[in-house]
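Fold and contact review
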Amino acid sequence: MEQSTQKILKRKLSFDEMIEHLDQKNIKFELITREEAKNILQTSNYFYKITAYRKNFEKNKYDRYVNLDFKLLQDLATIDMRLRYLVLQMSLDIEHVVKTQILTDITNDSTEDGYSIVTDFLAHDRTSIEYYMNALNKESHYNYGLYVKHHENPPIWVLFEVMTFGGFVKFVEFYYRRKNNPLAYKEIQQVLRYVKNIRNTAAHNSPILMDITRNNQINPQKVVKPITKFAKQINGLSPQARKKRLSNRKVHDLTVLIYVHYTYINSKGIKKARYDAFRELLERTKRLKDAYNNQDSLIAVYKYFKKLIDFIS
């Protein structure tokens, strides 16, 4: 049966075959009918994405899922969608505040003219300005005016408007080493790359909650010190639970995102809005709590973030 299933999966499946494949994997249709599930796959979500969340559930020795209903996959997909939106909001908050701080420091630094730092960064990055600005060289592009005016010799405040978040992370790491008094950027240059990881996952609309229960992806000794120190302060979180949760890449990177937002965002209004949204999302996860009763790993992830949000609030 398993060999024939693998052969089927190498070709395009009809919607009926998708349901049949899930059935063969012992994914149940008790909380939702097969027809309702088929309609979801046709109109609301697609097979590859919604089945990605199955990796959070246990299999038996016959490679069949245990206690997994299709409704739980749909539920996780909805929760994940809302989480991705929140991650993007928090990432935008962080990007804005860090850029503002750097531009303030450059403005107040008599040794910086705002232009030579771009030349030096490009040399350090082994790239050219075209790498960052060439995509703007179209009249239909919203930032075409920036390209026409600045592409030959842009100042840092223009480069910040056109570079990717990944490029910005590299600039922060470069600026930390360039600055005479780098202590203000020592921590952010350590952790911003992890914000980038989770931000890019959300921006590309990829599942965050896929594999969210898997452990031992990160050696606890390699978790950056600010995050270890931060997580140690979470009330009711045992050292064993902390190390276990932070050994998952996405849990780790989400924790970094929350920590950086908590540490660097000064606006109480923005903080309240984001933390309220997080609490609402955590409350939303309990909508099918009875169906999750035997999913200990997912419950443990929920408890971790519940304690984390309660702590920063």
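Residues numbered from 1 in each chain as written. Predicted model: local features only at pLDDT ≥ 70, side-chain atom pairs only at ≥ 80, totals over all residues. Heavy atoms only, no water.

**Considering the overall build of the chain**
For the chain, the count of helices and strands is 16 helices and zero strands. With the principal axes as the frame, the chain shows a C-alpha extent of 70 × 50 × 35 Å. Of the contacts made within the chain by residues no fewer than 6 positions apart, 71% connect residues no fewer than 24 positions apart. Charge separation in the chain, taken as the distance between the mean sites of 52 positive and 35 negative side-chain charges, equals 6 Å. (Helix = DSSP H or I, 4+ residues; strand = E, 2+ residues; numbered from the N terminus. Contact = heavy atoms within 4.5 Å. Lys, Arg positive; Asp, Glu negative; His and termini not counted. Charge placed at Lys NZ, Arg CZ, Asp CG, Glu CD.)

**A look at the packing of aromatic side chains**
The full count for this structure, using the stated rule, is 16 aromatic pairs. Put simply, the rings of Phe 121, Tyr 131, Tyr 132, Phe 160, Phe 165, Phe 168, Phe 171, Phe 174, Tyr 175 and Tyr 185 pair up and form one aromatic cluster. Positioned over the ring face of Phe 168 is Lys 99, at 5.3 Å from the centre of the ring. (Phe/Tyr/Trp six-rings, centres within 6.5 Å; stacked < 30°, edge-to-face > 60°. Lys NZ or Arg CZ within 6 Å of the ring centre and 35° of its normal.)

**Quick notes on the nonpolar core**
In this structure, Phe 70, Ile 102, Leu 159, Phe 171, Leu 192 and Phe 305 are the most contacted members of the largest nonpolar core, which totals 93 residues. Among the elements that make up this core, the one with the highest residue count is helix H5 (residues 70-108) (14 residues). What Phe 171 contacts, discounting residues up to four positions off in sequence, is Ile 102, Ile 117, Phe 121, Ile 156, Phe 160 and Met 163. (Core = buried A, V, L, I, M, F, W, Y, C linked by side-chain atoms within 4.5 Å. Buried < 20%, exposed > 50% of the residue type's maximum accessible area, 1.4 Å probe, protein only.)

**Describing the packing of H5 against helix H15 (residues 268-284)**
Close contact between H5 and H15 brings their axes to 11 Å; oriented N to C, the two are set at 170°. Relative to H15, the element H5 is oriented roughly antiparallel. The segment H5 lies against H15, with Asp 75, Thr 78, Ile 79, Arg 82, Leu 83, Leu 86, Gln 89, Met 90 and Asp 93 engaging Ile 270, Arg 274, Ala 277, Phe 278, Glu 280, Leu 281 and Arg 284. (Axes fitted to C-alpha atoms, helices over the stretch in contact; angles between N-to-C directions. Parallel < 35°, antiparallel > 145°, perpendicular 65-115°, else oblique.)

**A look at the side chain of Lys 250**
Mapping Lys 250 onto the fold places it in helix H14 (residues 249-264). Buried charge without a partner: Lys 250 forms no salt bridge, and the closest opposite charge is Asp 211, 5.8 Å away. Engagement of the side chain of Lys 250 in a polar contact is seen with the backbone oxygen of Ile 208, the distance being 3.5 Å. Apart from residues no more than four positions distant in its own chain, Lys 250 is found in contact with Ile 198, Pro 207, Ile 208, Met 210 and Ile 212. (Salt bridge = Lys/Arg side-chain N within 4 Å of Asp/Glu carboxyl O. Polar contact = N/O pair within 3.5 Å; in protein donor to acceptor, adjacent residues only side chain to side chain.)

**Focus on helix H12 (residues 225-232)**
By the burial criterion, the buried members of H12 are Pro 226, Ile 227, Phe 230 and Ala 231. Down the axis, H12 shows its buried residues gathered within 125° of arc, on one side only. Along H12, exposed side chains directed more than 90 degrees from the buried face belong to Lys 225, Lys 229 and Lys 232. (Arc of directions from axis to C-beta.)

**Here's the deal with the pattern of salt bridges**
The full count for this structure, using the stated rule, is 18 salt bridges. Of the charged contacts in the structure, one is a salt bridge between Asp 63 and Lys 25, with a shortest N-O distance of 2.9 Å. Of this pair, Asp 63 sits in the loop between helix H4 (47-51) and H5 while Lys 25 sits in the loop between helix H2 (15-24) and helix H3 (34-43); the two residues are 38 residues apart in sequence, bridging distant segments of the chain. Where Lys 59 meets Asp 63, a salt bridge forms, and the shortest distance between an N and an O atom there is 2.8 Å. Accessibility expressed as a relative area gives 27% for Asp 63, which makes it partly exposed. Here the salt bridges do not stand alone but share partners, grouping Lys 25, Lys 59 and Asp 63 into one network.

**Some thoughts on H5**
In this model, H5 (39 residues) spans 57 Å end to end at C-alpha, consistent with the 57 Å of a helix rising 1.5 Å per residue. One side-chain oxygen at the N-terminal end of H5 lies 2.9 Å from the backbone nitrogen of Lys 71; it belongs to Asp 69. (Expected span 1.5 Å × (residues − 1).)

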